[in-house]
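Coordinates in review
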Amino acid sequence: MRSELYIDGKWLKPLKGGTFDVVNPATEEVIHKAPAATADDVDLAVAAARRAFDKDGWPRFSGVERAAYLRAIADGIRNRQAEIARLEVIDNGKPFPEADWDVADAAGCFDFYAGLAEQLDNNVEEPIALPDARFTSKAVREPIGVAGAIIPWNYPLLMAAWKVAPALAAGCTVVLKPAEQTSLSALELAAIADEVNLPAGVLNVVTGAGTVVGQAIIDHKGVDKLAFTGSGPVGSKIMAAAARDIKRVSLELGGKSPFVVFDDADIEEAVEWIMFGIFWNQGQVCSATSRVLVQDGIYARLLQRLVEETKRITIGNGLDDSILLGPLVSKRQYDQVLGAVERARSAGATIACGGGRPEGFDKGYYVEPTILTNVPLDSDAWREEIFGPVVCIRPFASEEEAVALANDSRFGLAAAVMSRDEVRAERVAAAFRAGIVWINCSQPTFTEAPWGGYKESGIGRELGRWGLENYLETKQITRFVGEEPWGWYIKPAETTR
Ligand code: ADP
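Rules and cut-offs
Residues numbered from 1 in each chain as written. Predicted model: local features only at pLDDT ≥ 70, side-chain atom pairs only at ≥ 80, totals over all residues. Heavy atoms only, no water. Axes fitted to C-alpha atoms, helices over the stretch in contact; angles between N-to-C directions. Helix = DSSP H or I, 4+ residues; strand = E, 2+ residues; numbered from the N terminus. Parallel < 35°, antiparallel > 145°, perpendicular 65-115°, else oblique. Left-handed = near helix turned anticlockwise from the far one by under 90°. Contact = heavy atoms within 4.5 Å. Nonpolar A, V, L, I, M, F, W, Y, C, P; charged D, E, K, R; others polar. Buried < 20%, exposed > 50% of the residue type's maximum accessible area, 1.4 Å probe, protein only. Polar contact = N/O pair within 3.5 Å; in protein donor to acceptor, adjacent residues only side chain to side chain. Pairing = 2+ DSSP bridges. 1 Å grid on protein atoms, 1.4 Å probe; cavity = no way out; pocket = protein on both sides within 12 Å on 5 of 7 lines; lining within 4 Å. Points joined across faces, edges and corners; volume = space filled by probe spheres on them. Phe/Tyr/Trp six-rings, centres within 6.5 Å; stacked < 30°, edge-to-face > 60°. Near = heavy atom within 4 Å. Areas by Shrake-Rupley, 256 points an atom, 1.4 Å probe, with all protein chains shown as cover. Sits in = over half its atoms within 2 Å of the grid points. Salt bridge = Lys/Arg side-chain N within 4 Å of Asp/Glu carboxyl O.

**Remarks on the packing of helix H2 (residues 63-79) against helix H5 (residues 156-170)**
Across the interface, H2 lies against H5 with an axial gap of 9 Å and an inter-helix angle of 160°. Judged by the inter-axis angle, H2 sits roughly antiparallel to H5. Crossing angle aside, the handedness with which H2 passes H5 is right-handed. Across the interface between the two elements, Arg66, Leu70 and Ile77 of H2 pack against Leu157, Ala165, Leu168, Ala169 and Ala170 of H5. For the contact of H2 with H5, a count of residues per class yields seven nonpolar, no polar and one charged.

**A closer look at the side chain of Asp8**
Here Asp8 shows up in the loop between strand E1 (5-7) and strand E2 (10-12). Under the relative-accessibility criterion, Asp8 is labelled buried at 18%. Of the polar contacts made by the side chain of Asp8, one reaches the side chain of Arg51; its length is 2.9 Å. With near-sequence residues (within four places) excluded, Asp8 lies in contact with Ala48, Arg51, Ala200, Gly201 and Asn204.

**Quick word on the sheet that holds strand E6 (residues 135-143)**
Pairing within the open sheet is antiparallel, and its three strands lie in the order E5-E6-E22. The open sheet has two free edges, formed respectively by strand E5 (125-128) and strand E22 (472-480), since each of these has just one partner strand. Strand-to-strand, the axes of this sheet are offset by a mean angle of 25°, without reference to chain direction. When E6 meets E22, the two strands line up antiparallel, connected through nine bridges.

**Concerning empty space enclosed by the protein**
Summed over the entire model, instances satisfying the criterion amount to five cavities of 30 Å³ or more. If you add up the space inside the largest cavity, you get close to 60 Å³. Of all elements in the fold, only helix H13 (399-407), strand E17 (411-412) and strand E18 (414-418) reach the threshold of two or more residues within the lining of the largest cavity. Taken together, the residues of the lining of the largest cavity sort by class into seven nonpolar, four polar and four charged. Put simply, the second largest cavity is a space of about 50 Å³. Lining the second largest cavity we find Gly255, Ile278, Gly283, Val285, Ala288, Ser290, Glu385, Ile386, Phe387 and Gly388. Classifying every residue of the lining of the second largest cavity gives five nonpolar, four polar and one charged.

**Some words on the packing of aromatic side chains**
Counted according to the given criterion, the structure contains 16 aromatic pairs. Between Phe135 and Trp486, the ring centres sit 5.5 Å apart and the planes meet at 65°, which makes this aromatic pair edge-to-face. Taken together, the residues span a long stretch of sequence, with Phe135 in strand E6 and Trp486 in the loop between E22 and helix H16 (492-496) at a distance of 351 residues. Counting every residue linked through ring pairs, the aromatic cluster contains Trp101, Trp273, Phe276 and Trp280.

**Observations concerning the site of the ligand**
With respect to spatial proximity, 19 residues lie near the ligand, and among them Ile151, Lys177, Glu180, Gln215 and Ser231 are the closest. Interatomic distance of 3.3 Å between a backbone N/O atom of Gly210 and an oxygen atom of the ligand. The separation between an oxygen atom of the ligand and a polar side-chain atom of Arg332 is 3.1 Å. When isolated, the ligand has an accessible area of 560 Å², and the protein chains bury 89% of it. Judged by its atoms lying within 2 Å of the grid points, the ligand is housed in the largest pocket. Where the shell around the ligand is concerned, the elements lending two or more residues are helix H7 (210-219), strand E10 (225-229) and helix H8 (232-245). With four residues, the top contributor of residues to the shell around the ligand is H7. The residue inventory of the shell around the ligand, partitioned by class, reads eight nonpolar, seven polar and four charged.

**As for the environment of Arg383**
Along the chain, Arg383 falls in helix H12 (residues 380-383). Spatially, the C-alpha atom of Arg383 lies 35 Å from that of Val205, the residues being 178 residues apart in sequence. Those residues in contact with Arg383 that lie beyond four places of it in its chain are Lys256, Leu377, Asp378, Asp408, Ser409 and Phe411. One polar contact links the side chain of Arg383 to the main-chain carbonyl oxygen of Leu377, over a distance of 2.9 Å.

**Here we look at the pattern of salt bridges**
Here the idea is simple: oppositely charged side chains can pair when their charged atoms come close. Scanning the model with the defined rule gives 37 salt bridges in all. Linking Glu83 and Arg80 is a salt bridge whose minimum nitrogen-to-oxygen distance equals 3.2 Å. For Glu83, a relative accessible area of 43% translates into the label partly exposed. With a shortest N-O distance of 3.4 Å, Glu180 and Lys177 are connected by a salt bridge. By relative accessible area, which is 2% here, Lys177 ends up buried. Here the residues in one salt-bridge network are Arg2, Arg80, Glu83, Glu188 and Glu195, joined through shared partners.

Okay, here's the thing in structure tokens:
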């Protein structure tokens, strides 16, 4: 576990020397003191990133050269996959197999963007057909500059990869701030970048409080682009800060994503995907399908099976084999989730199972997987993100009603539909107002496919080629190839005289 910031290719103590506690959410023990940066450290990091971008030529490396670094980082992650996954478990609480999956995914993300960096060499120039033969024109893609990446705690290394990999592939340099709840793996990523001799200043990692370090990044004049994943209120602040300086901005925020199950769906398959959609990562997933709508004919049977299977979920320390649900990330999150369940109960919801702290745990931020029924449509439980293992489920009669209920939200990150009727599933997928739609599943996420939200769930898209676009500017270069100048002010006849 690292105790220093990674700035300009060096490990540095924060200038003001601060630290903050790293707490293992399964045991509530302080397991480390992480470096608490301040605005002065952010100044150093941005200066290093600026120099690496403006003077040292990271954007002028060929795509093939940048790809080689990205592939080396991917290998570096894979070489230490189990070790980093273990860090994620003691930092975030998630079950080890999930962390292991995330870390492999993060490595895959670096490989994927290495491929796109290589393609950039060939695709960077696009000829533009003009209606005037005296001119030729081309569009050129160039990196935006210094990217400030601010990430959440639910997928610590993976969220870093989703931003750092496309940014570096595009030729941007990065100042990365992990969430204060989970800083360990971002510092390991810096260590891997260091091992593969990524040029100094290309990736800088500053850890500390959002209101201090995050705020300093978003306010910094030397940052050209802000890439953020996290809560809506902070996303709003980031967009406001970006507006002040006309920084480029991409935001991936929360959701209250619906899952519509029609009565021709297989109940066992539906239960599996519903559980995956809300209990994976303790439900701390922005795209979690937390509002489940089930057609009348199978509602009672499906609910019964869902409750039976949910009660069988094994809960415990993420390092223990055979557990399926770990603790929530922090005391704050634990209090928020239990508070939301309490408010749902007061609003009239029925707790079909769970709803509290599991028995037998005197330490750790554990919350039972919870199913809520009879949730009023105007209650917070139905409308607001809970970000925990809590699902609301209700019956519907018609396709029209299901789509209306699904879309009645200020969010639009994800939505899922299950039906054996392919035509209907496609029709509902088309009707969803959401950036990510799953048919006959929920949550499978691929680096190749675009990721992001409609409405208040965000702006811009990550992953795939869309993720690279986030870090590119477009420049037109137009050349005059005519015989004689334009001739507006100085007539051709006059010049020849
Ligand atoms: P959560 O409420 O789930 O912790 P946040 O949106 O607060 O989610 O956190 C996501 C990221 O935003 C974290 O890295 C956090 O430190 C950062 N952050 C929080 N407040 C600010 C802020 N005012 N400016 C910039 N970043 C911030």
